[in-house]
Amino acid sequence: AKTYFITNSHNSLMNDIDQFRVLFTMKQYNESEIFINNILGHNIHDSGTFFKSRNIYYQACVIFALGKYKEAQKLLCQSLEVEKDKTRSNISLRILNIQCLIELELLNEASAAIESLRKFIERNSKDNKIKQLKILILKSLKKFETDSFQYNVKNSNLEKFIIQLSYKPGKTTWDYFT
């Protein structure tokens, strides 16, 4: 269908977004990186800062999945418009940053970021808009931190959290854009 779209048109951009989502979901990260870069370079892309920053976050997700943790963290350090979304995107950015810190073995920084996330969720959960998924991820990160960031299958609490994160459907089911 893309061959029928005018170059740099809205339809062309939407097609690239759909292709990115499919490839990323299928864990075809090298291919999805091509599409996210196309999206970020698209002429229409400059139409909104939230749209652009959300796609920078997706780019960081792809780069993280490719094992380029330092590069992903560098993207996350930018001031992104999606940070204003206190109950969804901001928490996702923080979680990905913590994952980067753990992979880069910056464990003191990861611990500080986990505590910051805990306080952030505590401050913003008063109106119950924080999804149970985010709270369960925080609990998992805290347990992982307690175990000195060493995964041990015998740790029943962390294993229990991982199993809960895998349930479908439920309160801790992954939703698109969360």
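Heads up: these notes are all about the structure in this document. (Residues numbered from 1 in each chain as written. Predicted model: local features only at pLDDT ≥ 70, side-chain atom pairs only at ≥ 80, totals over all residues. Heavy atoms only, no water.)

1. Re the environment of Ser89
Here's step 1: Secondary-structure assignment places Ser89 in helix α5 (residues 89-103).
Here's step 2: Each C-alpha atom of the pair Ser89 and Arg54 lies 8.1 Å from the other, and the pair is 35 residues apart in sequence. (Helix = DSSP H or I, 4+ residues; strand = E, 2+ residues; numbered from the N terminus.)

2. Things to note about the side chain of Glu145
Here's step 1: Its place among the elements puts Glu145 in helix α7 (residues 132-146).
Here's step 2: Separated by 2.8 Å, the side chains of Glu145 and Ser111 make a polar contact.
Here's step 3: For Glu145, the residues in contact, after removing those within four places along its chain, are Ser111 and Ile114. (Polar contact = N/O pair within 3.5 Å; in protein donor to acceptor, adjacent residues only side chain to side chain. Contact = heavy atoms within 4.5 Å.)

3. Quick notes on the pattern of salt bridges
Here's step 1: Under the counting rule described, the total for this entry stands at 7 salt bridges.
Here's step 2: In this structure, Lys142 and Glu115 form a salt bridge, with 3.9 Å as the shortest nitrogen-oxygen distance. Here Lys142 is found in helix α7, whereas its partner Glu115 is found in helix α6 (residues 107-124), with 27 residues between them in sequence.
Here's step 3: On the basis of relative accessibility, which here comes to 25%, the residue Glu115 falls in the partly exposed class.
Here's step 4: The residue Glu145 makes a salt bridge to Lys142 at a minimum N-O spacing of 3.3 Å. Placement of the pair is Glu145 and Lys142 together in helix α7, with a separation of 3 residues, close to one helical turn.
Here's step 5: Counted as one network, the salt bridges with shared partners bring together Glu115, Arg118, Glu122, Lys142 and Glu145. (Salt bridge = Lys/Arg side-chain N within 4 Å of Asp/Glu carboxyl O. Buried < 20%, exposed > 50% of the residue type's maximum accessible area, 1.4 Å probe, protein only.)

4. Some words on the packing of α5 against α6
Here's step 1: Their axes nearest at 8 Å, the elements α5 and α6 cross at an angle of 165°. Here α5 lies roughly antiparallel to α6, going by the angle between them. Note that α5 runs across α6; the crossing there is left-handed. Mapping the contact onto sequence places Asn90, Ile91, Arg94, Ile95, Ile98, Leu101 and Ile102 in α5 and Leu107, Glu109, Ala110, Ala113, Ile114, Ser116, Leu117, Phe120 and Ile121 in α6. (Axes fitted to C-alpha atoms, helices over the stretch in contact; angles between N-to-C directions. Parallel < 35°, antiparallel > 145°, perpendicular 65-115°, else oblique. Left-handed = near helix turned anticlockwise from the far one by under 90°.)

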